[in-house]
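# Results of the structural survey
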Amino acid sequence: MSKIKIMCTSTGCIEYAPERYHNLGIDIIRIHVIFNGKDHKEGLDLDPVEFYRQLETIEDPKNHLPKTDMPDTEDICGAFEKAIADGYDEAMVFAISSGLGGTYNKICLLAKQYEDRLKIHVIDTKITCFGEGLLAIKAAEFAAKGMSSEDILKEIRWMMKRQIFMGVDGKLDYLIYNGRLKGGKAFMGQMLNMCPVVHFAQNGEIVPLETVRTPKKALARTCELLKEKLGDRDPK
């Protein structure tokens, strides 16, 4: 029976999840967050509550937007080397959606260097936040039960097809600042206090689902849409 190591990019929010998920032996590969002139590794030296507080109070936000960068090559290879040293035969890496950047492709590229030493499965989760982390958590639980990598991946693919991620963009400012919303649409959107309801498309990109006026109405509509998607599905 293969010994399988589970890894996840820090965007999976496992470290912010309930304590019971912290002892599953999941290794975290950290992305970078560049903010206020400092380069942070997510989850190590950047508190999320403090981050959002600063984001709301920062002067000249248009020219001081936070940016992200892919994990260091040394950190990715270090995670693989550690798995080998700890006696693992295989590794599964759950990566932030390829539709949100180059992290998935970078991990795939580096994984090829270990083909003769460690069997590495890199999963493009097509999602982020705890939707991504939950996939890694379930994989770790399956691995602890002795399931093969083939069976684990089959279960993970089943879960991915049924995952739903929706959110509300309560402020258009950041979409305007980073150039994703321009011209007349930006002007009218701000004037009418429009709030897009967004979701992950099948290709792993975040796209608008609907546009609603005011954050309160957008949240209410998001709840309605989720209920429609869930239908009579058993929450268990």
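Residues numbered from 1 in each chain as written. Predicted model: local features only at pLDDT ≥ 70, side-chain atom pairs only at ≥ 80, totals over all residues. Heavy atoms only, no water.

### Quick word on the side chain of Thr128
As a reminder of what qualifies: Strands are runs of DSSP state E lasting at least 2 residues, helices are runs of H or I lasting at least 4, and numbering of each runs from the N terminus. For this analysis, residues touch if any pair of their heavy atoms sits within 4.5 Å.
With respect to the helices and strands, Thr128 occurs in the loop between β7 (119-124) and α4 (129-144). Dropping the residues within four chain positions of it, Thr128 is found in contact with Thr11, Ile96, Leu100, Phe165 and Phe200.

### Concerning the pattern of salt bridges
The line we're drawing: By definition, a salt bridge exists where a carboxyl oxygen of Asp or Glu is found within 4 Å of a side-chain nitrogen of Lys or Arg. The rule is simple: take the accessible area with a 1.4 Å probe, protein chains only, and divide by the maximum for that residue type; under 20% is buried, over 50% is exposed, in between is partly exposed.
The tally for this structure, following the rule as stated, stands at 13 salt bridges. The shortest N-O distance in the salt bridge between Glu210 and Arg221 comes to 2.9 Å. Within this pair, whereas Glu210 is found in strand β10 (residues 206-213), its partner Arg221 is found in helix α8 (residues 215-230), the two being separated by 11 residues in sequence. Looking at Glu210, the relative accessible area reads 28%, which means it is partly exposed. Overlapping salt bridges bring together Glu210, Arg221, Glu224 and Glu228 as one network.

### Quick notes on the sheet that holds strand β1 (residues 4-9)
Rule in force here: By definition, two strands form a pair when at least two bridges between them are found by DSSP. Here, axes are lines fitted to C-alpha atoms. For helices the fit covers the stretch in contact, and angles between N-to-C directions go from 0 to 180 degrees.
With parallel pairing, the 4 strands of this open sheet are ordered in space as β2-β1-β6-β7. Across the chains shown, the open sheet's two edge strands, defined by having one partner strand only, are β2 (27-29) and β7. Within the sheet, the average angular offset between the axes of one strand and its neighbour, ignoring direction, is 25°. In terms of strand pairing, β1 meets strand β6 (residues 90-95) through 5 bridges, oriented parallel.

### Overview of the pairing of β6
Just so we agree on the cut-off: With the strands aimed away from the viewer, a crossover counts as right-handed if its path from the first strand over the helix to the second runs clockwise.
Of all 6 residues in β6, 6 are buried; the element is thus mostly enclosed. Of the two faces of β6, both are covered, the one formed by Glu90, Met92 and Phe94 as well as the one formed by Ala91, Val93 and Ala95. With respect to chirality, the unit in which β6 leads through helix α3 (residues 103-111) into the neighbouring parallel β7 is right-handed.

### Brief notes about the sheet that holds strand β4 (residues 38-41)
On the basis of which strands lie adjacent, the open sheet formed by 3 strands has the order β4-β3-β5 and antiparallel pairing. The sheet terminates laterally at β4 and β5 (67-69), the two strands that pair on one side only. Neighbour-to-neighbour, the strand axes of the sheet open up by a mean angle of 30°, direction not taken into account. Here strand β3 (residues 32-35) runs beside β4; their pairing, made up of 4 bridges, is antiparallel.

### Describing the pairing of β3
The hairpin turn running from β3 into β4, its antiparallel successor, is 2 residues long, and Asn36 in that turn takes a positive phi close to 55°. In the sheet, β3 pairs with β5 via 3 bridges, with the strands oriented antiparallel. Looking across to β5, one finds that Ile34 is bridged to Lys67.

### Section: the packing of aromatic side chains
To keep things clear, this is the line we draw: Within 6.5 Å between ring centres, the rings of Phe, Tyr and Trp (the latter by its six-membered ring) count as paired, and their orientation is classed by plane angle as stacked under 30 degrees, edge-to-face over 60, tilted in between.
Applying the stated criterion across every chain, the model contains 5 aromatic pairs. Taking the centre distance of 5.0 Å and the plane angle of 75° together, the rings of Phe51 and Tyr52 count as edge-to-face. According to the relative accessible area criterion, Tyr52 is exposed, its value standing at 54%. A ring pair is formed by Phe165 and Phe200, whose centres lie 5.0 Å apart and whose planes are at 85°; its orientation type is edge-to-face. On the criterion of sequence distance, the pair formed by Phe165 in the loop between α5 (149-162) and β8 (166-168) and Phe200 in strand β9 (residues 194-200) is long-range, its members being 35 residues apart.

So, to be careful, I would describe these as geometric facts and stop short of saying anything about function.
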